[in-house]
Amino acid sequence: MKSLKSAKMGFFILALLLFWLKTYIIYLSEFNLGVNNLLQHFLLFINPLSSGLVLLGLALFFKGNRFGITLLIIDTLLTLFMYANIMFYRDYDTFITIQTLMQTENASSIGKSVLNLFEWHDFLYTLDLIVLGVLFRKWKTDWPEVHVNLKKPFAVLASGVIVFTVNLGLAEIDRPQLLQRVFDNNYIVKYLGAPNFAVLNTVQTVKASAKRSMASSDDIKEVENYTNKKYAEPNAEYFGKATGKNIIKIHLESFQSFLIDYKLHGEEVTPFLNSLVHDKSKNFTYFDNFFHQTGQGKTADAELLMDNSLYGLPQGAAFVTKDTNTYQSLPAILDQKQNYTSAVFHGDEKSFWNRNQIYKHLGVDEFYGSSYYDMSEEKVVNYGLKDKPFFKQSMPALEKLEEQDDPFYAHMLTLTHHYPFLLDEGDESIAPAETGDGTVDRYFQTARYLDESLEQFFKDLKKKGLYEHSVIMIYGDHYGISENHNRAMSEILGEEITPLKNANLQRVPFMIRVPGVDSQGINHEYTGQADVMPTMLHLLGINADNYIQFGTDMFSDEHRDFVPFRNGNFMTEDYSYVKNVFYDNETGKAIEEPTAEMKELRDQVHYELSLNDEVLNGDLLRFYEPSNDWEPIDPSKYQYGESNEEENR
Ligand code: GP9
Ligand code: MN
């Protein structure tokens with residue numbers, strides 16, 4: 001006790017330990033951070049340490065009395081910061097960000113509800129400050145007024161930085177590229193802590209707002225010229241054939257096209273999907289040269305692409321970093337033109353990929369997340385609800401949508417077939433592959449599970465009369481097996497995974513059924529996710545040329561056979577451009593002397609991607625009016641609370 005009392009260091013360490021303990025208790029009791037493994041729990045436990053060392057450590061630069069006062073002030077500010085987040089989280093299920101603070105409707109509504117949000121136990125969060133205050137009064141005279149030896153404070157700051165680096169390193173083991181991808185605010189807090197999240201959010205916001213404020217209405221003209229030139233006229237055979245029909249869009253998580261028709265141990269892995277592909281009764285058109293175009297935003301990028309015909313960004317997820325932009329999205333257009341109600345279904349936290357924020361800016365009417373579903377332990381695996389209970393439990397809400405007079409646009413996001421591809425024993429119905437690479441081996445088992453869940457969903461849709469009158473669209477969002485698994489994949493496919501082969505493996509399925517329209521069977525056109533929105537608009541009888549879109553109608557005769565990837569690679573029917581090399585698709589060999597036309601297309605692809613980034617970074621759609629009757633999306637009209645879920649359960 002003597003040393004604790006006499007040394008400044010003792011007071012500092014006590015404050016640090018109390019701050020650490022308090023923050024950890026707050027994490028556990030106030031926030032719903034979805035900790036689902038031991039490493040994540042360990043990170044949650046240690047993450048207050050680095051910010052505590054650095055921020056409280058600043059007080060050590062002061063001598064005598066002023067040391068204690070500064071420490072108490074910093075500790076009080078940290079407590080206020082945590083408490084503000086607690087209050088905000090109670091109302092919004094997310095942490096304070098600069099963006100949410102700037103949305104005035106948030107600020108004013110939290111102002112009104114502060115009293116309701118207060119809970120009796122909140123005063124406990126000031127206990128450590130009281131203890132420190134009392135000790136300060138007793139001990140303050142013991143701290144010498146002598147010159148501060150700077151070695152110690154600097155050593156404390158340095159240890160804070162080291163702890164942070166170790167913390168980040170461990171977090172990246174659990175979620176690679178955590179800082180670049182920034183996919184869920186909850187995750188950043190879980191891994192790195194609330195103060196570090198606030199710093200990261202501030203840096204990002206300042207950078208983004210500088211870019212946005214430099215943009216002007218002239219910038220959108222250049223984009224408009226480009227997309228006008230690229231536009232492909234609708235195919236008269238299909239234009240308007242889906243007008244007013246319900247749309248059910250099914251997202252196949254991490255599903256790559258090589259699974260279609262693939263046989264493992266002599267067995268089809270996805271017999272149900274295969275049966276749709278080869279159905280002779282002209283139900284589905286299957287595009288076998290359809291590619292994902294996502295970047296670091298993965299699922300979020302796929303969603304952005306398919307509903308906006310915009311690519312993601314070269315870094316991070318636009319769903320997170322551009323969540324207050326103006327969008328002219330498919331759900332909003334369908335609502336304004338044909339009174340559609342849009343709904344998204346997903347058995348995971350609503351905050352993942354910042355969906356509960358960005359959806360308001362995309363005009364999504366209803367959002368059913370984990371709070372809607374029965375997520376009992378046996379129904380959950382890996383990230384969230386298993387696909388079979390997911391589809392089952394979504395049916396009542398779909399039926400409610402069907403009962404309305406107006407059509408609906410429902411987006412079903414599956415989840416079980418997600419890295420690291422985990423299944424409970426009873427859910428396995430095919431033996432794993434035997435490459436020795438667990439990820440690849442299990443990939444086939446979760447794909448089979450997804451396939452079975454789809455079959456069950458189709459049965460239910462038919463039983464409830466939803467199938468007949470609905471457009472059904474099925475797509476894969478992005479790869480599930482990364483290049484890290486090339487060895488095992490070469491065993492699976494019986495060939496070397498060259499860079500060209502890897503680019504070819506970025507095919508994901510796309511299939512669509514329009515009731516009353518004969519399908520084309522298998523369509524070999526080279527297409528990508530950015531092409532889906534203009535295709536859908538034309539099927540619904542809405543001219544796509546009014547909108548800024550980088551894709552074009554897949555059924556159009558004018559559709560050009562090239563597919564840009566987010567990383568600047570691209571594929572055409574005859575040749576591909578992968579990691580700065582042109583390849584002949586047929587021979588697989590590098591093209592030593594690419595033609596002028598090839599180089600032109602490469603430049604066009606890069607130009608297209610750069611225009612896309614200008615649209616997102618400059619928030620350029622705020623300067624664009626698609627038509628006279630267009631109403632900009634008003635995010636304040638959308639709330640994804642639990643009351644709506646309750647009603648439709
Ligand atoms: C989580 C799910 C997965 O909600 O959408 O996202 P991913 O990791 O595939 O981008
Ligand atoms: Mn995904």
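These figures come from a predicted structure and were not determined experimentally.

The rules behind each value
- Residues numbered from 1 in each chain as written.
- Chains lettered and ligands numbered in written order.
- Predicted model: local features only at pLDDT ≥ 70, side-chain atom pairs only at ≥ 80, totals over all residues.
- Heavy atoms only, no water.
- Helix = DSSP H or I, 4+ residues; strand = E, 2+ residues; numbered from the N terminus.
- Rg over C-alpha atoms; globule rule 2.2 N^0.38 Å.
- Buried < 20%, exposed > 50% of the residue type's maximum accessible area, 1.4 Å probe, protein only.
- Contact = heavy atoms within 4.5 Å.
- Areas by Shrake-Rupley, 256 points an atom, 1.4 Å probe, with all protein chains shown as cover.
- Polar contact = N/O pair within 3.5 Å; in protein donor to acceptor, adjacent residues only side chain to side chain.
- Near = heavy atom within 4 Å.
- Nonpolar A, V, L, I, M, F, W, Y, C, P; charged D, E, K, R; others polar.
- Donors = N, O, S within 2.8 Å, 3.2 Å for Na, K, Ca; no water.
- Tetrahedral: all angles 85-135°; square planar, octahedral: opposite > 155°, others 65-115°.
- Pairing = 2+ DSSP bridges.
- Salt bridge = Lys/Arg side-chain N within 4 Å of Asp/Glu carboxyl O.
- Phe/Tyr/Trp six-rings, centres within 6.5 Å; stacked < 30°, edge-to-face > 60°.
- Lys NZ or Arg CZ within 6 Å of the ring centre and 35° of its normal.

1. Brief notes about the overall build of the protein chain
Assigned secondary structure in the protein chain consists of 24 helices and 18 strands. Taking 649 residues into account, the globule formula puts the C-alpha radius of gyration at 26 Å, and the protein chain, at 27 Å, falls close to it. Each of the three principal axes of the protein chain carries a C-alpha extent, and together these read 90 × 60 × 55 Å. With 649 residues in all, the protein chain has 57% of them scored as buried. Here the analysis covers contacts within the protein chain between residues at least 6 apart in sequence; of these, 77% occur between residues at least 24 apart. About 27,100 Å² of surface is accessible on the protein chain, with carbon and sulfur atoms providing 55% of the total.

2. Focus on the side chain of Glu 30
As for its placement among the helices and strands, Glu 30 is situated in helix H2 (residues 8-30). Relative accessible area serves as the criterion here: at 13%, Glu 30 is assigned to the buried category. Side-chain polar atoms of Glu 30 contact the side chain of Arg 90, separated by 3.0 Å. Polar contacts involving the side chain of Glu 30 include one to the side chain of His 121, which spans 3.0 Å.

3. So, the site of ligand 1
Around ligand 1, the structure places Arg 175, Glu 253, Lys 298, Thr 299, His 346, Asp 348, Phe 352, Trp 353, Arg 355, Leu 415, His 418 and His 478. One of the side-chain nitrogen or oxygen atoms of His 346 is found 2.6 Å away from an oxygen atom of ligand 1. With the chains in place, 99% of the 310 Å² that ligand 1 exposes on its own is no longer accessible. Looking at side-chain class alone, the shell around ligand 1 contains three nonpolar, four polar and five charged residues.

4. Some points on the coordination of the manganese ion (ligand 2)
Donor atoms from the polypeptide that coordinate the manganese ion (ligand 2) comprise Glu 253 (OE), Glu 253 (OE), Thr 299 (OG1), Asp 477 (OD) and His 478 (NE2), at 2.0 to 2.5 Å from the metal. Taken together, the six donor atoms surrounding the manganese ion (ligand 2) define angles of 55 to 166 degrees at the centre, an arrangement classified as irregular. Each donor residue of the manganese ion (ligand 2) lies on the same chain, and together they follow the pattern E-x45-T-x177-D-H. Within this pair, whereas Thr 299 is found in helix H14 (residues 298-308), its partner His 478 is found in the loop between strand E11 (470-476) and helix H20 (486-493), the two being separated by 179 residues in sequence.

5. Here's the deal with the pairing of strand E1 (residues 246-252)
Counting buried positions over the seven residues of E1 gives seven, a clear majority of the element. Both faces of E1 are covered, namely the face carrying Asn 246, Ile 248, Ile 250 and Leu 252 and the face carrying Ile 247, Lys 249 and His 251. For E1 and E11, the ladder comprises seven bridges, and the chain directions are parallel. Directly across from Ile 250, in E11, lies its bridge partner Ile 474.

6. Digging into the pattern of salt bridges
Inspection of the entire model under this criterion finds 24 salt bridges. Across the salt bridge formed by Lys 249 and Asp 307, the nearest N and O atoms sit 3.2 Å from each other. Of this pair, Lys 249 sits in strand E1 while Asp 307 sits in helix H14, and the two are 58 residues apart along the sequence. In this pair, the class of Lys 249 matches that of Asp 307, namely buried. Between Asp 629 and Lys 337 there is a salt bridge, and its shortest N-O distance comes to 3.7 Å.

7. Observations concerning the packing of aromatic side chains
Evaluated as defined, the whole model comprises 50 aromatic pairs. With 4.9 Å between their ring centres and 70 degrees between their planes, Tyr 368 and Tyr 372 make a pair best called edge-to-face. Classification of Tyr 368 as buried rests on a relative accessible area of 0%. Joined through ring pairs, the aromatic side chains of Phe 345, Tyr 368, Tyr 372, Tyr 373, Phe 390, Phe 391 and Phe 457 make up one cluster. When the ring centre of Tyr 467 is taken as origin, the NZ or CZ atom of Lys 462, which lies over that ring, is 4.6 Å away.

8. Overview of the side chain of Asn 283
As for its position among the elements, Asn 283 is in the loop between helix H13 (271-277) and strand E4 (285-287). A distance of 3.1 Å separates the side chain of Asn 283 from the side chain of Arg 513, its partner in a polar contact. Setting aside residues up to four positions removed in sequence, Asn 283 forms contacts with Tyr 467, Ile 512, Arg 513 and Ser 519.

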